[in-house]
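Summary of structural features
The lines below spell out each chain.
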Amino acid sequence: MVAVLEKSTETKLRISGAEAVVRSLLAEEVDMIFGYPGGAVMPVYDALYGFQDQLKHVLTRHEQGAIHAAQGYARATGKVGVALATSGPGATNLITGIADAMIDSTPLVCITGQVGSHLLGSDAFQETDIISISMPVTKWNIQVTKPEELPEALARAFYIAKSGRPGPVLVDITKDAQFAEIDFNYRKCEQIRSYKPIPKLNLESVKKAAELINGSQKPFVLFGQGVILGKAEQEFKTFIEKAGIPSAWTLLGLSALPTDHPLNVGMLGMHGNYGPNRLTNECDVLIAVGMRFDDRVTGDLKRYAKQAKIIHLDIDPSEINKNVKVDVPVLGDCKESLSTLTSLINTNSHPEWLQQFHEHERIEQEQVIKPEMNPQSAELTMAETIQQINKVTNGEAILVTDVGQHQMVACRYTKFQKSKSNITSGGLGTMGFCLPAALGAKLGAPEREVVAVIGDGGFQMTIQELGTIFQTQAAVKIVVLNNNFLGMVRQWQQLFFDKRYSSTELMNPDFIKIAEGYGIKGKTISERKDLASSVKEMLEYDGSYLLEVCVGKEDNVFPMVPSGASVSEVRLS
Amino acid sequence: MDQVFTISIFTENSIGLLNRITTIFTKRHLSIESLNTSESEVHGVYRFTIVVKTDEELVQKIVKQIEKQVEVIQAVYHIDEETVFQEIALYKVSTEKASENNLVERLIRDNNARILSMEQDFMIVEKTGHKEETEELLDFLRPYGILEFVRSGRVSVIKPSNELHERIINF
Ligand SMILES: Cc1ncc(C[n+]2csc(CCOP(=O)(O)OP(=O)(O)O)c2C)c(N)n1
């Protein structure tokens, strides 16, 4: 009895709420967080000071930088990303990244300071109702006003962020709860009674799916980030190989299957490849794995795969029938559902069907890819730049992109060998995402080469994060594809608004001087003869490097499914 | 085709959950016809009753998105035929004209309503029923001078609800 008592007093730790936050993070094996200090979160910052050797805090230059860095970190490592900010403007500056993480299912724990609980609702200095503001863009959120509730709130936050379909959560902590002392005792959360993160796999529906696949002449797989989030890359590969099914990826599914895999037929959607788009309307069974039929993937739903039976594997029941009516839903963790499905399908191959993809690819090669890779014009193209990067990285690098033409080109042409190698803002399309996300990815996976490919517009949305790269010495390789335009918007203006280039031309600064100001080596090129050597120089350089590539001002990205059109109407020019 | 649906949601008791649930309707640009919340038959489990007018496909999607919320235990939807539902209405009626004859009292009796309180200048009438019924009484009483009128959100129980109850107590 005495021994037990002694033991319990031994483990009892009387600490401040702020220190409890830090110790909770450590208990969740967090070793790096991204943030920005301010009044209402100062106690937590003070506590961090004492734990610098165990928990690295990366000071970004803007809270948006912190949240995108946390996203990049989470996407590169598969771990939960953590962002820390003060109340009011600090908290609201996180919102874009939270919304981005919500729609792209990225596990994040955001911690915000809040004014003292006695001031709540009084419009106190830097008070903002971040709980209400973040509600529609968080998987879960909570305000903590009592320090003794902190460990459990954080334990739940981590559990919710990473379980089931991952997503961002926010914990808002009043300043008094950070100051007050508690007996600290942390227990990881393993379940919440009202929350069922993984639906139970229904064997009957797997059998139905297998029957459809076994009877299919022209099966077609669409895969999304679910494969990566479910750590099911191997199961996925085994599945498509056994049934011999051509497979195409969504923007977020990219890198789950190596680029050169014989069944990888390319990208889906608005700027996806020719074959995958056209043949969506010719397959007889469509198998969607961990993807959500985003409108940028489907185009006009009334003319989307109407001829096909549709099987949908997903972990989130609310995705079933949300956009596309499904014949056989298979709910569950795709690691389990894919392996069960594989065990029920026949070994098969569909050479003639696969050949149809190859024929489309040949057409796309002739009409789009070759001209982009070997342009007649003097100006450099985005495509040939990516091609040069591929030559040096051999598909081993992590590609981080921003939003726009360069994103589509980089995702289409970059070669991947490894999963979790493509980091981009897919669902929200957040310009400014790339630079901080690349920083987070590099800090999370320092052993990997990280190449950030950014447009001249998006670069200037979070350009201040060059300061964070400078301070952390993270060796991020930055490629700015400069067309002096908000390229993607300009392309739409050219095609759909009679070339009325309303507010899309940019007068840009000297990016190299800016980089130099931050102690980052830089170089600008505009001639083909310099491309290969400069890309090589950048990638071989020991440290961060900015390569500005001046590309054709009015180049367009094709193929393209115009918005509102059917995937069959994909254009090559 | 638009139809009336009653959505019943069973939840934990947590601050802000109402807000979280209503954002799902806001996101879809759908207005809520009525909303009621109270503790359910299980201690600590709360029940929201939300009435919407929309098509079944949309209500299905909304219910799934509600059910996905961490603190929601279960969400279901029903059409009127599958539920027994009521609303309560209170009418504050001027007694000036009403006291001239006893027609009002007959009206109240015939409509299965009752007088809760009789004051010098007004009386307070209560009626429980479907919206059309409380609406009808309102029209009857209008000529006498309605000083205030208020109607509650719908409360509803599900006819074949045994299974649901089992799920709520065993979740
Ligand atoms: C925060 C934000 N604002 C506006 C947009 C709309 N938008 C999409 S692409 C684009 C142009 C991007 O231009 P740039 O960064 O130069 O890249 P490019 O298309 O030229 O490769 C814009 C403005 C967006 N996606 N995100």
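Throughout what follows, the structure given in this document is the object of discussion. (Residues numbered from 1 in each chain as written. Chains lettered and ligands numbered in written order. Predicted model: local features only at pLDDT ≥ 70, side-chain atom pairs only at ≥ 80, totals over all residues. Heavy atoms only, no water.)

**Some words on the interface of chain A and chain B**
- Counting residues at the interface gives 20 residues for chain A and 19 residues for chain B.
- In total, chain A and chain B occlude about 1700 Å² of area from one another, counting both sides; carbon and sulfur atoms represent 48% of this.
- The three residues of chain A that bury the most area against chain B are A:M135, A:R193 and A:S194, which together make up 37% of that side's buried surface.
- At the surface where chain A touches chain B, the tally comes to 2 salt bridges.
- The salt bridge partner of A:D316 is B:K68, with a shortest N-O separation of 2.7 Å.
- There are 12 residue pairs in polar contact (both at pLDDT 80 or more) connecting chain A and chain B.
- Grouping the amino acids of the side of chain A that touches chain B by side-chain chemistry returns 8 nonpolar, 6 polar and 6 charged. (Contact = heavy atoms within 4.5 Å. Buried area = accessible area lost by both parts, 1.4 Å probe. Salt bridge = Lys/Arg side-chain N within 4 Å of Asp/Glu carboxyl O. Polar contact = N/O pair within 3.5 Å; in protein donor to acceptor, adjacent residues only side chain to side chain. Nonpolar A, V, L, I, M, F, W, Y, C, P; charged D, E, K, R; others polar.)

**Structural notes on the site of the ligand**
Residue and element names in this part refer to chain A.
- Around the ligand, 18 residues are found, and the nearest of them are Q405, H406, G429, G458 and G487.
- Residue M431 places a main-chain N or O atom 3.3 Å away from a nitrogen atom belonging to the ligand.
- In this structure, an oxygen atom belonging to the ligand sits 2.9 Å away from a side-chain N or O atom of N483.
- For the ligand, the accessible surface in isolation is 590 Å², of which the surrounding protein chains cover 76%.
- Elements with a contribution of two residues or more to the shell around the ligand: α18 (405-413), α20 (456-459) and α22 (487-496).
- Here the shell around the ligand is built from residues that sort into 8 nonpolar, 9 polar and 1 charged. (Near = heavy atom within 4 Å. Areas by Shrake-Rupley, 256 points an atom, 1.4 Å probe, with all protein chains shown as cover. Helix = DSSP H or I, 4+ residues; strand = E, 2+ residues; numbered from the N terminus.)

**Considerations on the packing of helix α2 (residues 17-27) of chain A against helix α8 (residues 150-162) of chain A**
Residue and element names in this part refer to chain A.
- Put simply, α2 and α8 touch, their axes get as near as 9 Å, and they point 30° apart. Considered as vectors, α2 and α8 are oriented roughly parallel to each other. Pair α2 / α8 crosses with right-handed handedness. Across the interface between the two elements, G17, V21, S24 and L25 of α2 pack against L150, P151, L154 and F158 of α8.
- Looking at the contact of α2 with α8 residue by residue, the classes come out as 6 nonpolar, 2 polar and no charged. (Axes fitted to C-alpha atoms, helices over the stretch in contact; angles between N-to-C directions. Parallel < 35°, antiparallel > 145°, perpendicular 65-115°, else oblique. Left-handed = near helix turned anticlockwise from the far one by under 90°.)

**Section: the packing of helix α17 (residues 382-393) of chain A against α18(A)**
Residue and element names in this part refer to chain A.
- At their nearest, the axes of α17 and α18 sit 9 Å apart, and the two run at 45° to each other. Taken as axis vectors, α17 and α18 run oblique relative to one another. Taken as a pair, α17 and α18 cross one another with a handedness that is right-handed. Across from M382, A383, I386 and N390 in α17, the residues of α18 making contact are Q405, H406, V409, A410 and Y413.
- Considered class by class, the residues forming the contact of α17 with α18 number 6 nonpolar, 3 polar and no charged.

**Digging into unusual backbone geometry**
Residue and element names in this part refer to chain A.
- Here the bond from F558 into P559 is cis, since omega is 0°, no more than 30 degrees from zero.
- Residue placement: P559 occurs in the segment after β20 (545-550).
- Of note in the backbone geometry, S105 takes a positive phi value of approximately 50° without being a glycine.
- Relative to the helices and strands, S105 resides in the loop between α6 (95-103) and β5 (108-114).
- Taking the relative accessible area as the measure of exposure, S105 reaches 6% and is therefore buried. (Buried < 20%, exposed > 50% of the residue type's maximum accessible area, 1.4 Å probe, protein only.)

**Observations concerning the environment of B:S156**
Residue and element names in this part refer to chain B.
- Here S156 lies in strand β9 (residues 155-158).
- You can call S156 buried: its relative accessible area is 6%.
- When the C-alpha atoms of S156 and K64 are compared, they prove to be 20 Å apart, with 92 residues separating the residues in sequence.
- In this view, S156 contacts T6, R47, T49, T83, V84 and F85; residues no more than four positions away in its chain are not counted.

**Side note on the environment of A:V400**
All names here are of chain A.
- Checked against the element boundaries, V400 lands in strand β15 (residues 398-401).
- Classification of V400 as buried rests on a relative accessible area of 0%.
- Between the C-alpha atom of V400 and that of A437, which follows or precedes it by 37 residues, the distance is 7.2 Å.
- Not counting residues up to four positions away in its chain, the partners in contact with V400 are I423, C434, A437, A438, V450, V451, A452 and V453.

**Side note on the nonpolar core**
All names here are of chain A.
- With 94 residues, the main nonpolar core has F220, F239, L286, I287 and I311 as its most contacted residues.
- Top contributing element to this core by residue count: helix α16 (residues 351-373), with 6 residues.
- Domain assignment of the residues forming this core places at least three in each of domain 2 (203-357) and domain 3 (380-550).
- Contacts of I287, omitting those with residues within four sequence positions, involve I213, P219, F220, V221, L222, F239, I245, I311 and L313.
- Within the second largest apolar cluster, 53 residues are counted, among which are A83, M135, A452 and I463. (Core = buried A, V, L, I, M, F, W, Y, C linked by side-chain atoms within 4.5 Å. Domains from an automatic or database assignment.)

**A few points about the sheet that holds strand β4 (residues 81-85) of chain A**
Residues and elements named next belong to chain A.
- In space, the 6 strands of this open sheet follow the order β3-β2-β4-β5-β7-β6, with parallel pairing throughout. The open sheet has two free edges, formed respectively by β3 (56-59) and β6 (140-144), since each of these has just one partner strand. Here the average twist between neighbouring strands, direction ignored, is 20°.
- Inspection of the sheet shows strand β2 (residues 32-35) paired to β3 by 4 bridges, in the parallel sense. Within β3, the residue paired with G35 across the bridge is L59. (Pairing = 2+ DSSP bridges.)

**Notes on α18(A)**
- In terms of burial, α18(A) is largely enclosed, as 9 of its 9 residues are buried.
- Among all positions in α18(A), only A:Q405, A:H406, A:Q407, A:M408, A:V409, A:A410, A:C411, A:R412 and A:Y413 are buried.

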